[in-house]
Amino acid sequence: MRENQPQLEVRKKKLIEVDGYTFKDLNGNGKLDPYEDWRLSPEERARNLVSLMNIDEKIGMMLINSRRMGLYQEDKSKTSHDGILDEAIVEKGESIFATSKVYGTTHTIEERHLRHFILRDNFSPSETAEWINTMNEVAEGTRLGIPVLVASNSRNENGESIFGMNDAIGIFSTWPGTLGLAAAAMGEIRNGGDASLINEFARIAKKEWNATGLRKGYMYMADVVTDPRWQRTYGTFGEDPEFVSDVIGRIIDEFQGEALDQSSIAMTTKHFPGGGARENGFDPHYKEGKWNIYPTPGSLEKYHLPPFQVAVQHGTSSIMPYYSIPSIKNSVVQEFEGEEIPFEEVGFAFNYYFLKHILRDKLGFEGYINSDSGIVNNMSWGVEDKSIAERFAKAVNAGTDIVADTNDIENLKKAYENGWISERRFDEANVKLLTEMFALGLFDDRTYNSPEKADEVVSTKEHWDKAYEAHKKSVTILKNTNNTLPLTSESLAGKKVYVQAYHKDKKSVGIYQKEALEAVGELDAFTITDNYEEAEIAILFLQPKSGAYFDATPGLLELELTEDKELQALDGRVYNETTLSDIAHLKLVAEDVKGRGGKVIISLNIILPWILGNVEPLADALVAGYDTFYKAQIEVMMGNHKPSGVLPLTLPASEKVIAVDEDGNCITPNDVPGYDKDKYLPEGMSYAYRDSDGNIYRLGHGLTYEA
């Protein structure tokens, strides 16, 4: 029982006084109902509210859908509340996740009874706060006055914007990518410290999220990287289960606190039971990647489940199962805590054994299960032959409490009316979902947030300074032949420096070139030339990319840094692939500068475990960043900051060590992290890349020098 009167604000309903305290009369009946009584526990209030809800309100609560802001809508006649809410009707969803009709915001809240929404727009903190406030104003005016809860993917890491992955970048304090956070924290551990940098990151991000009213994070990825071709590698914390577990625990502790309360950001840890065990890298956003495979005895329990065990121990509010199906054909029997795991070949959101027996019974998870986006539509792996209503029933009965990126109340209700889902199961899910909302204070003093305060908090200089420090700490020196680095004022004296950025997309090169030159200019330490033929030093920034998230490559994902490489598709046809454009120019620059006795410094952006044989020999110094600011990298190159970052994953030696035979079997198992793959290679082969200086690019590698 908490007796401290919260500061309550209402916009549609009235306040009432009982026992000398003030409460919101959310259902407008003039009396205090238990769910309106902030003195009661969140669960007590949730149970009372569920008892008052009709079946349509319960169904709406169990769906979460992407929702655009009115600012995104070009046709302002399709907005309301002075352009804040988007009221457009879209006959069919505009993404691969949502394929059902999308309705306006007010209709969706009032008539379809949805209360959970995913924000993918990237407007200012004050605009975001005002949008959430306005949706809550609409929600307050409904029968029971149930507020909305807005979730988002992570917003505090740098990178390239990708719908459904990196939805928002550069508005909140901008840290390196999650691999960069891992590189920085692992470096501090190597130097005798711990991963408290992660705590600092989460503490600051929490303040910013809180100020805007974003109270639910679809983050972070507890997946351990084991298949090097998995495109979502960039969003992970690397390949070390012990380190990933430590990070996940710290993140949950900071964002949520000891228990959910009015200042918490509720976490959704993903993607249970680990998405790293891909079938040769193919991703389950498309059918070619729908399998999780476990060819190695004990791999699921040893490598993939530990971070989720820690997430449960630290009280993560919800867990997101992965799209993929556990494969019987391409796996050996896996065990957990001494018991064999029966593989039902359906996606994990439909998988009763994994959700009920492992996640709930064995791990003791008490929060709610939030499906990944689109499981009843495009990514319904293992239940493709069922109707949408049957898919809903399969997922909900398996233990999924809320289904993501759909507003399809009709098919969920059909499953109920056909007797495929009991109202008791709906009640159970609703109690869990509403308990979180009550704990977060959304029914009380945290319904509305100050837009002005949101801008003020996010612009806090200390936040951005700490983020920039993390960028510098993430920089990893892979190679430093003959002490090429640091570029001291003495070594730079009288020398001209050529700076060039390279990217897969030639149209994007100009953006990165401008960023690189601006970063160099800010440091005011170099004599820059745009003619490499007169340069004594070349600094070359490489931003390779491979494949696309929502479409399978014709063949295996390419990890070499290459241009127009001829490859063979899985169906035998020949196609060409580029991961980095203008490699011929890159080689020309490097060979010219080195041929005249100059030095070549290459910076590589690691979002995948690239194969470096085409590039590393060109470099006198090789630097790794992880969506790390160019300026931070240059500061480390100059010796302004002592390099301390280390590799959070192992880079493969060549295509030979990840070769896939005609039967689809990889020479190194897809379910084992890079640091352990040598155990499975033929005698005489080694998985990790070895450079021309003898450095081995294994998990934890990183050189240093005194700043």
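See the structure above.
Bear in mind the structure is a predicted one, so any value in this text is a computation, not a measurement.

Rules behind the numbers
- Residues numbered from 1 in each chain as written.
- Predicted model: local features only at pLDDT ≥ 70, side-chain atom pairs only at ≥ 80, totals over all residues.
- Heavy atoms only, no water.
- Helix = DSSP H or I, 4+ residues; strand = E, 2+ residues; numbered from the N terminus.
- Rg over C-alpha atoms; globule rule 2.2 N^0.38 Å.
- Contact = heavy atoms within 4.5 Å.
- Areas by Shrake-Rupley, 256 points an atom, 1.4 Å probe, with all protein chains shown as cover.
- Axes fitted to C-alpha atoms, helices over the stretch in contact; angles between N-to-C directions.
- Left-handed = near helix turned anticlockwise from the far one by under 90°.
- Nonpolar A, V, L, I, M, F, W, Y, C, P; charged D, E, K, R; others polar.
- Salt bridge = Lys/Arg side-chain N within 4 Å of Asp/Glu carboxyl O.
- Buried < 20%, exposed > 50% of the residue type's maximum accessible area, 1.4 Å probe, protein only.
- Pairing = 2+ DSSP bridges.

1. Digging into the overall build of the chain
So, step 1. Helix and strand counts for the chain come out as 19 helices and 24 strands.
So, step 2. Relative to the globule expectation of 27 Å for 707 residues, the C-alpha radius of gyration of the chain, 26 Å, shows essentially globular dimensions.
So, step 3. Its C-alpha atoms put the chain at 85 × 55 × 50 Å along the principal axes.
So, step 4. Contacts in the chain between residues at least 24 apart in sequence constitute 73% of all its contacts with a sequence separation of at least 6.
So, step 5. Carbon and sulfur atoms form 46% of the exposed surface of the chain, whose accessible area is close to 25400 Å².

2. What about the packing of helix α6 (residues 196-212) against helix α7 (residues 241-256)?
So, step 1. In contact at an axis separation of 8 Å, α6 and α7 are set at 30° when each is read in the N-to-C sense. Taken as a pair, α6 and α7 cross one another with a handedness that is right-handed. On the side of α6, the interface is formed by S196, I198, N199, A202, R203, A205 and K206, while α7 contributes V247, R250, I251, E254 and F255.
So, step 2. Looking at the contact of α6 with α7 residue by residue, the class counts come to six nonpolar, two polar and four charged.

3. Re the pattern of salt bridges
So, step 1. For the structure on display, the rule yields 43 salt bridges.
So, step 2. With its nearest N and O atoms 3.6 Å apart, the salt bridge here joins K287 to E288.
So, step 3. Classification of K287 by relative accessible area gives exposed; the value is 53%.
So, step 4. Exposure remark for E288: the relative accessible area of 35% places this residue in the partly exposed category.
So, step 5. The partner of E522 in a salt bridge is K631, with the nearest N and O atoms 3.0 Å apart. Taken together, the residues E522 in helix α17 (residues 509-523) and K631 in helix α19 (residues 630-638) connect sequence positions 109 residues apart.
So, step 6. Salt bridges sharing partners connect three or more residues here, namely R360, D401, R425 and E428.

4. Observations concerning the sheet that holds strand β7 (residues 149-153)
So, step 1. In spatial order, the strands read β3-β6-β7-β8-β9-β11-β15-β16; together these eight strands close into a barrel with parallel pairing. Adjacent strand axes in the sheet meet at a mean angle of 25°, parallel and antiparallel pairs treated alike.
So, step 2. As paired strands, strand β15 (residues 368-373) and strand β16 (residues 402-404) are joined by two bridges and run parallel to one another. Note on β16: the bridge partner recorded for S373 is A404.

5. Some details on the environment of L523
So, step 1. Tracing the backbone through its elements, the reader meets L523 in helix α17.
So, step 2. For L523, a relative accessible area of 18% translates into the label buried.
So, step 3. Once you skip the residues sitting within four places of it in the chain, L523 turns out to touch K631, I634, E635, M638 and N640.

6. Notes on the pairing of strand β20 (residues 537-543)
So, step 1. Counting buried residues along β20, seven of its seven residues qualify, which places the element largely inside the surrounding structure.
So, step 2. Neither face of β20 is open: one carries I537, I539, F541 and Q543, the other A538, L540 and L542, and all of them are buried.
So, step 3. In this sheet, β20 lies alongside strand β18 (residues 496-503) in parallel orientation, the contact comprising seven bridges. By the bridge assignment for β20, Y498 is matched with A538.
So, step 4. Alignment of β20 against strand β23 (residues 599-605), held across six bridges, turns out to be parallel. Residue pairing for β23: I539 is matched across the bridge by I601.

Nothing here speaks to function; it is geometry throughout.
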